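Listed below are the residues making up each chain.
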Amino acid sequence: MGKRVELLKGDNEMDAALHDEFVKTLKERFAKNMLRHTGIDWNSVQGKLVASPEKLQVLYEMERTGGEPDVVSYDEKTGEFIFCDCSPESPKGRRSLCYDRKALDSRKENKPGGDANEMASSIGIEILTEQQYRELQTFGEFDRKTSSWVKTPDNIRDLGGALFCDRRYDHIFVYHNGAESYYAARGFRGRLRV
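Criteria and cut-off values
Residues numbered from 1 in each chain as written. Predicted model: local features only at pLDDT ≥ 70, side-chain atom pairs only at ≥ 80, totals over all residues. Heavy atoms only, no water. Buried < 20%, exposed > 50% of the residue type's maximum accessible area, 1.4 Å probe, protein only. Helix = DSSP H or I, 4+ residues; strand = E, 2+ residues; numbered from the N terminus. Pairing = 2+ DSSP bridges. Salt bridge = Lys/Arg side-chain N within 4 Å of Asp/Glu carboxyl O. Core = buried A, V, L, I, M, F, W, Y, C linked by side-chain atoms within 4.5 Å. Axes fitted to C-alpha atoms, helices over the stretch in contact; angles between N-to-C directions.

### Details of the pairing of strand β5 (residues 161–168)
Line of reasoning, step 1. Most of β5 sits out of view: 7 of its 8 residues are buried.
Line of reasoning, step 2. By the bridge criterion, 3 bridges tie strand β4 (residues 147–150) to β5 in an arrangement that is antiparallel. Residue pairing in the sheet places Trp-149 in a bridge with Phe-164 of β5.
Line of reasoning, step 3. Where β5 lies against strand β6 (residues 171–178), 8 bridges are found, and the strand directions are antiparallel. Bridging across to β6, Arg-167 finds its partner in Ile-172.
Line of reasoning, step 4. Taken together, β5 and the strand that follows it, β6, pair antiparallel across an intervening segment of 2 residues, in which Tyr-169 is found at a positive phi of about 55 degrees.

This is the structure:
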């Protein structure tokens, strides 16, 4: 995955230049993709980011691993903006991973470098559910050449399987595979509440 770059320094102070550059990147992406967040004002989003430097660090990790995070909705009940990985293809820095630690431990040879669930946890995000993946696809065409693991129901995982999704032929497909499988074109997408 590469070395984690910290935006936060001691006492949660942010590296000013990196902070400003990253916030500018998020603002530009927000402005270019208004259909993802109709009715949401950037100043409100930026206010939340300024008030939550630890969340900005998580967004930076999403960015650094290829996710291109952007706002996709607002939860009126909690007052939180929901960011999601919006890269056209599954994030490059999160591919070639099996589904979870149990799957990784079960491989006797040719082990991948890690698993999707642990990487998501280390970044500070949740892997998309199938429903969230389908909602993301309403904002564009994602994973036309790649695929992404999605949160797998326990009853499927208990039997050794895991689910992944992609978009082909202008349709969203859900597939299954052994949870220990991994491919260069399969990663995972996540989301974060801010």
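### Looking at the pattern of salt bridges
Where charged atoms from two side chains of opposite charge approach closely, those side chains can pair.
Line of reasoning, step 1. As enumerated under the stated definition, the model contains 14 salt bridges in all.
Line of reasoning, step 2. Measuring nitrogen to oxygen at the nearest pair gives 3.0 Å for the salt bridge that ties Glu-80 to Arg-193. Of this pair, Glu-80 sits in strand β2 (residues 80–85) while Arg-193 sits in strand β8 (residues 190–193), placing them 113 residues apart in sequence.
Line of reasoning, step 3. Take Arg-193: its relative accessible area is 29%, and that puts it in the partly exposed class.
Line of reasoning, step 4. Note that Asp-85 is salt-bridged to Arg-94, the shortest N-O span being 2.6 Å.
Line of reasoning, step 5. Classification of Arg-94 by relative accessible area gives buried; the value is 0%.
Line of reasoning, step 6. One salt-bridge network, held together by shared partners, links Asp-75, Glu-80 and Arg-193.

### Considering the nonpolar core
Line of reasoning, step 1. The biggest cluster of nonpolar side chains holds 35 residues, and the ones touching the most others in it are Val-45, Leu-49, Leu-59, Phe-83, Ile-125 and Phe-188.
Line of reasoning, step 2. Those elements that place two or more of their residues in this core are α1 (16–32), α2 (42–51), α3 (53–64), β2, α4 (101–106), α5 (116–123) and β5.
Line of reasoning, step 3. Formed by 12 residues, the second largest nonpolar core is a distinct cluster that contains Ile-82, Tyr-133, Phe-142 and Leu-163.

### Considerations on the sheet that holds β6
Line of reasoning, step 1. Read from one edge to the other, the open sheet built from 4 strands follows the order β6-β5-β4-β7, with strand pairing classed as mixed. Of all strands in the sheet, those with a lone pairing partner are β6 and β7 (186–188), marking the two edges. If you compare each strand with its neighbour and ignore which way they point, the axes differ by 40 degrees on average.

By themselves, these are just geometric observations and shouldn't be taken as functional.
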